[in-house]
Amino acid sequence: MSAVSLPSGFEALEVFVSDWSFATAAERAQRRLDSTAQEREVFFHTAENLVAPALDLLDAKPLDQHDAQEQRLMSLLLSLAHIGLAVEIQGDDEPRHARDARHITITRAVSDS
Amino acid sequence: MEESSTQDHIELDEDTADLGTSPIPAAPYYQPDYFALEVEAIFRRSWLQIGHVCELPEPGSYIVREIEIADASILITRGRDDVIRAFHNVCTHRGTQLVSECEGSRSRFSCPYHRWTFADDGELLSAPDFERFYVDKADCALTPVAVDVCARLIFVNLDATPQESLAEFLGPLATELEELPSAQATTFSEYTYEIEANWKLTYDNFQENYHLRFIHPRSGAAAAGPQNPFGYPVNFGFHGTHRTQTIWSNPDARPLPFQGLAFVKGAELAMRDGFGDVTRAKQYYAIFPNLFLLGSPMTPFSQCVIPLSPTRSRGVIRLYWNGEDDCASRRFAREYAMATARDIHSEDRAVIEAGQRGLNSGALTHIHFQSQEILCRHLFQEVNRRVENWRAERDAAGRALL
Ligand code: FES
Ligand SMILES: [Fe+2]
């Protein structure tokens, strides 16, 4: 990974690229289940205020015209969709929630490329 | 003051009076004998949702779907003439399963055994050394299965001569279903689960809100409030064998910041998609025997609860989308909507299984439904009526043979 893997303005998210980029929704859901509370919180709280500007930036082009930097940023946003539920909604219920969620398999997602 | 809701008490009216109020026998929720009767009386002779038209995108597309409890494998094709047809996936020579892939695109199907080859309209096109047979090709077409479409949902009926058409079966609800997002969808996301529980026990969980505050205290927060602490629906509707409810949501609920961002993006895009008609947004349809559909433009899902054994089922949930993801916000909002629905569905599974374990013990002869569990009562009555009718038919046929 190069030092400038994300569009400028999103340098703070650089440290999450290697751990939170996946090709499918099933992998993102699994990563959520395998994560620690600390991992989730650091990722979510670093990223939460960057989500709206990131969507604004990425919405300027159709998805299929995104360059590699933009694709990486998109990938982080999609992981956040899962992690946001864990941190913001489930909170300290997440371990119990994760126990049940393991039985629910994502078989197909419109975001799978 | 005792906790109360906006719908403390449901008056029995002409729709609901004959549903009664008595306890419901427990045996139908676990006993193999009863399940075997349900398979014959219901699953082998009702319209069952098995797919969506977007799974057959062009002439030549086909899908194969198993109906395990009937040992049936169904081949559904979209012919060059654009007609959707269904057949038993069974070669008419000696019964070999014709197609082993679960989807694809082709216009002819060759049996792996002796290479009888069928067209996508079921006709036998060619068969090696056919002169040695004692039958006409015209009599060797694939065995058709009744198939029809409503709201782009594909239904099949295993009865060789269904007692009613799909339109008759759905009645006036057919028009409503045509207005739901699934009727415009071109693609979907899907998640599934297997559960050690009877199909009715599983299905019932998703047609009562009594459990909401206990099982979904966080994920279901906006679906209850001080004025309706159980989040009971605004109303119930009974439509012959089907039923509906109008979901209540707390007008004072404020989404959390990240959740709100995903919802706003989703709402903007749903409007742009033409899913903006909110007339049916809170309508939740329970289509007999085992399908749910939610009208919400933001989370337009279906759930099919597929029976596998007296105490095992599979849930298949699909979220329907109009068009592929074209921009970042759409992709993000859809991912969030799917993950949200999945969170809520996942919370129910363990407690349904616990209910099944309790019933399996035989400790209870009866279970109880309160007035806000009336949809569960209605399902049981509809199932039981068919089971009793079928049992009577079978017994009469048995006597005639004596
Ligand atoms: S069983 Fe299919 S060709 Fe013989
Ligand atoms: Fe639930």
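Residues numbered from 1 in each chain as written. Chains lettered and ligands numbered in written order. Predicted model: local features only at pLDDT ≥ 70, side-chain atom pairs only at ≥ 80, totals over all residues. Heavy atoms only, no water.

Undergrad: Looking at this structure, how should I read the overall build of chain A?
TA: The secondary structure content of chain A amounts to five helices and one strand. Ordering the α and β elements of chain A from the N terminus gives α-α-α-α-α-β. Over its C-alpha atoms chain A spans a radius of gyration of 14 Å, differing by no more than 12% from the 13 Å that the globule rule assigns to 113 residues. If you line up chain A on its principal axes, its C-alpha atoms span 40 × 30 × 25 Å. Considering only contacts within chain A whose residues lie at least 6 apart along the sequence, 71% involve residues at least 24 apart. Per element, the accessible surface of chain A, about 5,100 Å² overall, is 52% carbon and sulfur. (Helix = DSSP H or I, 4+ residues; strand = E, 2+ residues; numbered from the N terminus. Rg over C-alpha atoms; globule rule 2.2 N^0.38 Å. Contact = heavy atoms within 4.5 Å. Areas by Shrake-Rupley, 256 points an atom, 1.4 Å probe, with all protein chains shown as cover.)

Undergrad: What's the story with the pattern of salt bridges in this structure? I'm lost.
TA: For side chains bearing opposite charge, pairing can occur when the charged atoms are close. Evaluation of the coordinates by the stated rule reveals 35 salt bridges over all chains. A salt bridge links Asp343 of chain B to Arg32 of chain A; its shortest N-O distance comes to 2.9 Å. Linking Asp343 of chain B in helix H7 (residues 328–360) with Arg32 of chain A in helix H1 (residues 25–34), this pair reaches from one chain into another. In this structure, Asp343 of chain B and Arg32 of chain A share a single accessibility class: buried. For Arg386 of chain B, the salt bridge is made with Glu382 of chain B, and the minimal N-O distance between the two is 3.0 Å. (Salt bridge = Lys/Arg side-chain N within 4 Å of Asp/Glu carboxyl O. Buried < 20%, exposed > 50% of the residue type's maximum accessible area, 1.4 Å probe, protein only.)

Undergrad: Is there a simple way to think about the packing of aromatic side chains in this case?
TA: Two numbers describe a pair of aromatic rings. These are the distance of the centres and the angle of the planes. The final tally for this structure, using the stated rule, is 20 aromatic pairs over all chains. Each ring, one from Trp116 of chain B and one from Phe130 of chain B, has its centre 5.7 Å from the other, and the planes form 65 degrees; the classification is edge-to-face. A residue pair is termed long-range when its members are at least 10 positions apart, and Trp116 of chain B in the loop between strand S7 (108–110) and strand S8 (117–119) and Phe130 of chain B in the loop between strand S9 (124–126) and strand S10 (144–150) qualify at 14 residues. The buried category is assigned to Trp116 of chain B, whose relative accessible area is 3%. Among the aromatic side chains, those forming a connected cluster through ring pairs are Phe44 of chain A together with Phe258, Phe263, Phe332 and Tyr336 of chain B. Here the guanidinium or amino end of Arg386 of chain B rests over the ring plane of Phe288 of chain B, the centre of that ring lying 4.4 Å away. (Phe/Tyr/Trp six-rings, centres within 6.5 Å; stacked < 30°, edge-to-face > 60°. Lys NZ or Arg CZ within 6 Å of the ring centre and 35° of its normal.)

Undergrad: Would you take a moment to explain the confidence of the model for chain B for this structure?
TA: Low pLDDT marks regions whose predicted coordinates should not be analysed in detail. Residues and elements named next belong to chain B. Confidence in the prediction of chain B, expressed as mean pLDDT, is 93, and 95% of residues score 70 or more. Between residues 1–9, whose pLDDT stays under 50, and residues either more than four places distant or in other chains, the model counts 14 contacts. For this predicted complex, the interface score ipTM comes out at 0.98, while the overall pTM is 0.95. (pLDDT = per-residue confidence, 0-100.)

Undergrad: So what exactly am I meant to see when it comes to the interface of chain A and chain B here?
TA: The accessible area lost on association of the parts is a frequent measure of interface size. Listed per partner, the contact involves 42 residues of chain A and 37 residues of chain B. Between chain A and chain B, roughly 3,700 Å² of surface is buried when both sides are summed, and carbon and sulfur atoms account for 57% of that area. Considering only the surface of chain A that becomes buried against chain B, Ile104, Arg108 and Val110 of chain A emerge as the three largest contributors, covering 21% of it. Counting every contact that joins chain A to chain B gives four salt bridges. The partner of Glu335 of chain B in a salt bridge is Arg28 of chain A, with the nearest N and O atoms 2.7 Å apart. (Buried area = accessible area lost by both parts, 1.4 Å probe.)

Undergrad: Before we go on, may I ask you to explain the coordination of the iron ion (ligand 2) in this structure?
TA: Angles at a metal have ideal values that depend on geometry: 109.5 degrees with four tetrahedral donors, 90 or 180 degrees with six octahedral donors. All names here are of chain B. The iron ion (ligand 2) binds to the protein through His211 (NE2), His216 (NE2), Asp348 (OD) and Asp348 (OD); the donor distances cover 2.0 to 2.6 Å. In this structure, the iron ion (ligand 2) is surrounded by four donor atoms whose angles at the metal cover 55 to 144 degrees, and the resulting shape is irregular. Linear spacing of the donor residues for the iron ion (ligand 2) on their chain is H-x4-H-x131-D. Taken together, the residues His211 in the loop between helix H4 (199–205) and helix H5 (212–215) and Asp348 in helix H7 connect sequence positions 137 residues apart. (Donors = N, O, S within 2.8 Å, 3.2 Å for Na, K, Ca; no water. Tetrahedral: all angles 85-135°; square planar, octahedral: opposite > 155°, others 65-115°.)

Undergrad: Looking at this structure, how should I read the nonpolar core?
TA: Buried together is how nonpolar side chains tend to be arranged in soluble globular proteins. With 86 residues, the main nonpolar core has Ile67, Ile74, Ile76 and Leu177 of chain B as its most contacted residues. It is helix H1 (residues 32–43) of chain B that provides the largest number of residues to this core, a total of seven residues. Per-domain counts for this core show at least three residues from each of domain 1 (1–45 + 171–402) and domain 2 (56–147) of chain B. Sequence-distant contacts of Ile74 of chain B, defined by excluding residues within four places in its chain, comprise Ile50, Ile63, Val64, Arg65, Ile67, Ala86, Phe87, His88, Asn89, Val145, Val156 and Leu158 of chain B. Core analysis: the second largest hydrophobic core is formed by 32 residues, Trp20, Phe44 and Leu80 of chain A together with Ala328 of chain B among them. (Core = buried A, V, L, I, M, F, W, Y, C linked by side-chain atoms within 4.5 Å. Domains from an automatic or database assignment.)

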